[in-house]
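Residues per chain are reported as follows:
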Amino acid sequence: MIAAAQAALRRFVPQLIALATILALNALVFPGFFDIEFQNGRLYGSVVDVLNRGAPVALLAIGMTLVIATKGIDLSVGAVMAIAGAVVAATVAGGASLATALLFAAAAGIACGLWNGFLVAVLGMQPIVATLILMVAGRGIAQLITEGAILTFNHQGLIFIGSGAFAGLPMPVLIWLALGAAVTLAVRRSALGMLIEATGINRRASTLCGINSLVLLLAVYAVSGFCAAVAGVIIAADIKGADANNAGLWLELDAILAVVIGGTSLLGGRFSIVASLLGAMIIQSINTGILLSGFPPEFNLIIKAAIIVVILVMQSPAVQTLYDFLRSPSEVPTETPRQLPGEAEAPESLGRPQ
Amino acid sequence: MKARFLPLAATLLIFLIAYAACYLQYPNMLSTRVVGNLLTDNAFLGIAAVGMTFVIISGGIDLSIGSVIAFTGVFLAVVLDSTAIHPLAAFVLVLAITTTFGGVMGAIIHYLEMPAFIVTLAGMFLARGMAYVLSVESVPIHHDFYGLLQGLYYRMPGGGRLTLIGGLMVAVFLAGILLAHRTRFGSYVFALGGGVPTARLMGVPVARTTIAIYALSGFLAGLAGIVFSLYTSAGYSLAAVGVELDAIAAVVIGGTLLTGGAGFVAGTLIGILIMGLIQTYIIFDGTLSSWWTKIVIGLLLFSFILLQKALVWASESDRAVLRRRLLRSKALR
Amino acid sequence: MNATSSEVLYRAEGVSKRFPGALVLDGVDFILRRGEVHALLGENGAGKSTLIKCLTGAYRRDGGTLLLDGESIDPRGTQEAQGLGIGTVYQEINLLPNLSVADNLFLGRQPRRFGLVSTAAMRRAARGILAGYGLDIDVAADLGSFSVAIQQLIAIARAVNLSGKVLILDEPTASLDAQEVGTLFAVVRDLRARGLGIVFITHFLDQVFEIADRITVLRNGRLVGSKPTAEMSRVELVTMMLGRALEQETHSRAPQPEISGAAVAEFKGFGKAGKIAPFDLTVRAGEVIGVAGLLGSGRTETAEVLFGVERADSGEARVGAKAVSLTSPRAAVAQGFGFCPEDRKTSGIIADLSLRENIALALQARRGWSRPLSRREQNALADRYIQALDIRTSDREKPVGLLSGGNQQKAILARWLALNPSFLILDEPTRGIDVGAHAEIIRLIEGLCAAGMSLLVISSELEELVVYSTRILVLRDRAHVAELTGSDLTPDQIVHAIAADGSGQAGA
């Protein structure tokens, strides 16, 4: 058990180091970075701000991690956020109760996810292609609901979700922490995690094992749609209105970036939701740091580009091979004391053209 | 007819039917004026989409083109505003930058063996960020040479104007068609789309071709940026957001397989025209909202992807039939 | 046997190749003569592919010299090797199905006029080349629209046209049926007569003796020996490949008694249009049903229909006494079925998951996602089967993709045995694994059957089938055409049944 915990912790080391470094840099340029105050029943401070502002990307990253683990990708989450925001705004503006509005928004998100899942799992479309359709059409649908305008509302309950606080913490923080914990527990305490990973690595073999990969894929995309809906509601609640044009714009890319920073491979398989959430916080810390340091916010994009390049270099198969090659002479003799019969097949596969 | 041409034929048919339907409702739509505007208004998108067609046929994707267009516009505006460089020299300079930019992305994709999707995502952030750094404000361009270029047009019979940029788009498409279907480079692009390991085994210079494809896309995005700055007479770092999506949509509607390996540059032109037609119709109608464009394009995307899937299924069952026929002929022998 | 000229065409001396952590080629010599078909043999991991890749420049060798026509060469890539005259045809990744036949033949060297490719000239030239191989096809059509056999011939035509001295065929017959192999061999003989040196890699020993003039055997990255085929016996060859004398591999045995036990499963008129004609099958406890037939005869289709991979569109299935519908692998698993597919890499293993997870997967899938096996249960399960099946691995957490083919096969078997199925389907369980593991798998099949499990085993190796089968179903042209029992269980009888005139005894 302890060994397993250690292994899990080792998994997060790169992300934790990156996060710590960025936070330390932030503290360097803005000495008050770690100051936290308690006022009017809630905590204030830059760190709280990071947690709060990072909520949408963190939420999206939860669903995106599962989708990417199945060797998929969900480009539509930004558009789904806009749809969910529009639905929740239109519903409360129409006088419905908060519960009904939230239910409608969640249902809209899940329906969008199921549509994506249907295209991927049933029609066998490539995920990037399948979700592109909703990415293009989704904002149109959201605008259809808001009738092209920014649909504002003044429902205190809904606004509380975006900017209220509970037990000292802003609501968005509590929501992403809770959803992250719930989904992590759901996949790791059940066999879902293993089944998702198996499906992501080899769908045909998994189906032949008796895994119901169809339902699994539908569920994973539905979860992604649901997470996007929650993020959409939070953003709408925060600005007290639904902006079909801009809500969640390009956040799908940030969410994918968070998952990639979290070390989940875009080729599917092994995944970690916690690491993706750390990735989301890394992205937000950079955003906040740039804001605090007085750098023009336009540098944000350049830094994100630089991060992607660094991660690309680290995760690149070519660099991995080089790394393995460099460290192999010292380690291999202790690792494989004898050549097992037939095992020479493995090295041959290393050199196979990709 | 070969199944490979079916998506192209379907696109053409849809365009003709849609145009006919528009004409029946608004007879004014069948005029060289509308056609001229269609070409002018979509010139920058069309030029960028030619590059995207090559990228997609090769099995990749380029998310950076919208940002590169914006960067080009801002770069030109800032350079022309603050220096005495002639626009032509600025054009050459910016094209060199965007071509190199694309080439570097291609090199990263090839040598680091990373998905094009994520590499060009970084390129998208980088180009947009550079545009922001140059100027956050919209910078107007006042230069006599710009006025001269904007004033160039060919008056078509019926009074429509084929502007310089509209004509440039048509020329780029013609060049693209030759490059894709009648050169060795073109066959390498298709070969990469059929499978990189196989292409490599068959002697395709994979590194050179990959770099050239993204450099071409960068070059055309730069050219599209120049056209866009001629079209708007300004450079703005928030411009051309989401153009990559429109370009991808045009490419797919034009009958190119989004998974790579098969496609037509000419189809992309029709894809662009279909999308332009939807917008023109909405303008003619006057009551429809512009968001319908997105929904209709989404629907078109869906139906074309579905059509392509159906074709793949059909060809697979064709092969099964072939195999059965083979077996039967053997049994008879 | 053709008269082999003694003129050396391509000579490799002391070729070595090291991968991180393993020396996969250790000073191998290889001599190819003009006008000779030279079989390169060895178990998996012997270093055949590595040697080929060194010969064609796909890998940079770490040591040794290459001499082509007496000249020292040092190809830095397949491209350069091709220019020197060395062409290669691989088993699968050969040509591009999305390009036309003519484009495939001329990719990178299309005839040009005014800088543009001259399509007409290219097609004319392509037709000319293919005519030399007896192919008269539409060269403008996509390559993918032709059968595998024709694609293979086009690949050979391209390789010969490009290089013209040395032709390396890496398992070219793996996915061809007997007739297609015949056509291919006719072309190979023709090329031999034209003076090419041909290296031929295969798993099928029959084909080696049919076509090869000379045999070179590798083992564990070293050269074991090289001899003219005429001076080599089967036993000697197998001994060289294995490095030890086998006790008579095709041992005969007493005819199995007919098993008349309780029916585990019954299928009546079961089939799927276009895949496999309706057939009847009764599976009894403790019997091994062998399935024989050529590739494409409907063997794998039979397995897939039984296991619900392909949904049957006619007939009914009964398990025990009640009718069941096998609409998916999941439904079949629920009835106590198991299925080890033919293609381990794409349909069997989950390469990146650990051996433990691969073994636990089917059991977990049957229990459902909400009732996870604890880590301790998974460990116990994995350890039990690693021991019982003698799966050779450093530990159970090793990704299964890193194990050898034989051990991967055992892992998939373990996955199903963990379910304790009543009816297990094995599709080519011994294909592509080394001979040692081969024998172990056969012993395992016999053991399972003795323990009362029912098996349906598909295999191309007839000697192997007759060893363990209680009865053998023979398939032809996607239909069950014969069932052999008792004293008819001999390779000769199977061949006879496969080759029997198609109009005869129709599938039951």
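Treat the numbers as computed from the prediction; the structure is a model and nothing was measured. (Residues numbered from 1 in each chain as written. Chains lettered and ligands numbered in written order. Predicted model: local features only at pLDDT ≥ 70, side-chain atom pairs only at ≥ 80, totals over all residues. Heavy atoms only, no water.)

Peer 1: Before we move on, could you go through the packing of helix α3 (residues 43–57) of chain B against helix α12 (residues 243–253) of chain B and cite the residues and values that matter?
Peer 2: Residue and element names in this part refer to chain B. Orientation of α3 relative to α12, taken along the N-to-C sense of each, is 65°, at an axis distance of 8 Å. Judged on the interaxial angle alone, α12 and α3 are roughly perpendicular. The hand of the α3/α12 crossing is right-handed. Contact residues: Phe-44, Leu-45, Ala-49, Met-52, Thr-53 and Ile-56 in α3; Val-243, Glu-244, Asp-246, Ala-247, Ile-248 and Val-251 in α12. Partitioned by chemical class, the residues of the contact of α3 with α12 number 9 nonpolar, 1 polar and 2 charged. (Axes fitted to C-alpha atoms, helices over the stretch in contact; angles between N-to-C directions. Helix = DSSP H or I, 4+ residues; strand = E, 2+ residues; numbered from the N terminus. Parallel < 35°, antiparallel > 145°, perpendicular 65-115°, else oblique. Left-handed = near helix turned anticlockwise from the far one by under 90°. Contact = heavy atoms within 4.5 Å. Nonpolar A, V, L, I, M, F, W, Y, C, P; charged D, E, K, R; others polar.)

Peer 1: Explain the interface of chain B and chain A to me, using residue names and the numbers behind them.
Peer 2: With 41 residues of chain B in contact, the opposing surface of chain A contributes 47 residues. Regarding the contact of chain B and chain A, the summed buried area is about 3,900 Å², with carbon and sulfur atoms giving 85% of it. Here chain B is connected to chain A by 0 salt bridges. Counting across the interface, chain B meets chain A through 0 residue pairs in polar contact (both at pLDDT 80 or more). Here the side of chain B that touches chain A is composed, by residue class, of 31 nonpolar, 4 polar and 6 charged. (Buried area = accessible area lost by both parts, 1.4 Å probe. Salt bridge = Lys/Arg side-chain N within 4 Å of Asp/Glu carboxyl O. Polar contact = N/O pair within 3.5 Å; in protein donor to acceptor, adjacent residues only side chain to side chain.)

Peer 1: Which residues make up the sheet that holds strand β21 (residues 471–476) of chain C, and what values do they have?
Peer 2: Residues and elements named next belong to chain C. Across the sheet, 6 strands lie side by side as β18-β19-β20-β15-β21-β22; this open sheet has mixed pairing. The sheet is open, and its two edges are formed by β18 (337–340) and β22 (479–485), each paired on a single side. Strand after strand, the sheet turns through a mean of 20° between neighbouring axes, direction not considered. Note that strand β19 (residues 423–427) and strand β20 (residues 454–458) share 5 bridges and pair parallel. If you follow Leu-424 over to β20, its bridge partner there is Leu-455. Strands β18 and β19 of the sheet are contacted by helix α14 (residues 405–417), whose axis makes an angle of about 170° with β18. (Pairing = 2+ DSSP bridges.)

Peer 1: A description of helix α1 (residues 6–25) of chain B should follow, citing residues and the corresponding values.
Peer 2: Every α-helix carries 3.6 residues per turn, so stepping three or four residues along brings you back to the same face. Residue and element names in this part refer to chain B. Relative to the 28 Å expected for 20 residues at 1.5 Å per residue, α1 spans 28 Å between its end C-alpha atoms, a close match to the ideal helical length. Pro-7, Leu-8, Thr-11, Phe-15, Tyr-19 and Cys-22 are the residues of α1 that are buried. Viewed end-on, α1 has its buried residues packed into an arc of 105°, placing them on one side of the element. Away from its buried face by more than 90 degrees, α1 exposes Leu-13, Ile-17 and Leu-24. (Expected span 1.5 Å × (residues − 1). Buried < 20%, exposed > 50% of the residue type's maximum accessible area, 1.4 Å probe, protein only. Arc of directions from axis to C-beta.)

Peer 1: So what's going on with the sheet that holds strand β9 (residues 166–170) of chain C? Which residues, and what values?
Peer 2: All names here are of chain C. Read from one edge to the other, the open sheet built from 6 strands follows the order β6-β9-β10-β3-β11-β12, with strand pairing classed as mixed. The open sheet terminates on both sides in strands that have one partner only, identified here as β6 (86–89) and β12 (222–228). Going across the sheet, the axis of each strand differs from the next one's by a mean of 20°, ignoring polarity. Pairing analysis gives 6 bridges linking strand β11 (residues 214–219) to β12, with the strands arranged antiparallel. What sits directly across from Leu-218, in β12, is Leu-223. Contacts from helix α5 (residues 148–162) reach β6 and β9 within the one sheet, and its direction differs from that of β6 by about 170°.

Peer 1: How would you sum up the packing of helix α8 (residues 171–189) of chain A against helix α13 (residues 273–293) of chain A? Please name residues and give values.
Peer 2: Residue and element names in this part refer to chain A. Packing of α8 against α13 leaves a shortest axis separation of 10 Å and a crossing angle of 155°. Looking at the two axes, α8 sits roughly antiparallel to α13. Along its contact with α8, which presents Trp-176, Gly-180, Val-183, Thr-184 and Val-187, the element α13 presents Ile-273, Val-274, Leu-277 and Met-281. For the contact of α8 with α13, the residue count by class is 7 nonpolar, 2 polar and no charged.

Peer 1: Before we move on, can you summarise the nonpolar core with the specific residues and values?
Peer 2: Residues Ile-256 of chain A, Ile-118 of chain B together with Ile-156, Leu-167 and Phe-267 of chain C are the most contacted members of the largest nonpolar core, which totals 348 residues. If you tally residues by element for this core, the top one is helix α11 (residues 213–239) of chain A, at 13 residues. When sequence neighbours within four positions are dropped, the list of residues in contact with Ile-118 of chain B reads Ile-256, Val-260, Leu-266, Ile-308 and Leu-312 of chain A. In terms of nonpolar packing, the next biggest core, distinct from the first, is built from 28 residues, Leu-9, Leu-32, Leu-40 and Leu-68 of chain C among them. (Core = buried A, V, L, I, M, F, W, Y, C linked by side-chain atoms within 4.5 Å.)

Peer 1: Tell me about the side chain of Gln-364 of chain C, and please be specific about residues and values.
Peer 2: Topologically, Gln-364 of chain C is positioned in helix α12 (residues 355–367). Under the relative-accessibility criterion, Gln-364 of chain C is labelled buried at 1%. At a separation of 3.2 Å, a polar atom in the side chain of Gln-364 of chain C contacts the main-chain carbonyl oxygen of Arg-371 of chain C. With residues near it in sequence (within four places) discarded, Gln-364 of chain C still touches Ala-191, Met-194 and Leu-195 of chain A together with Arg-371, Pro-372 and Leu-373 of chain C.

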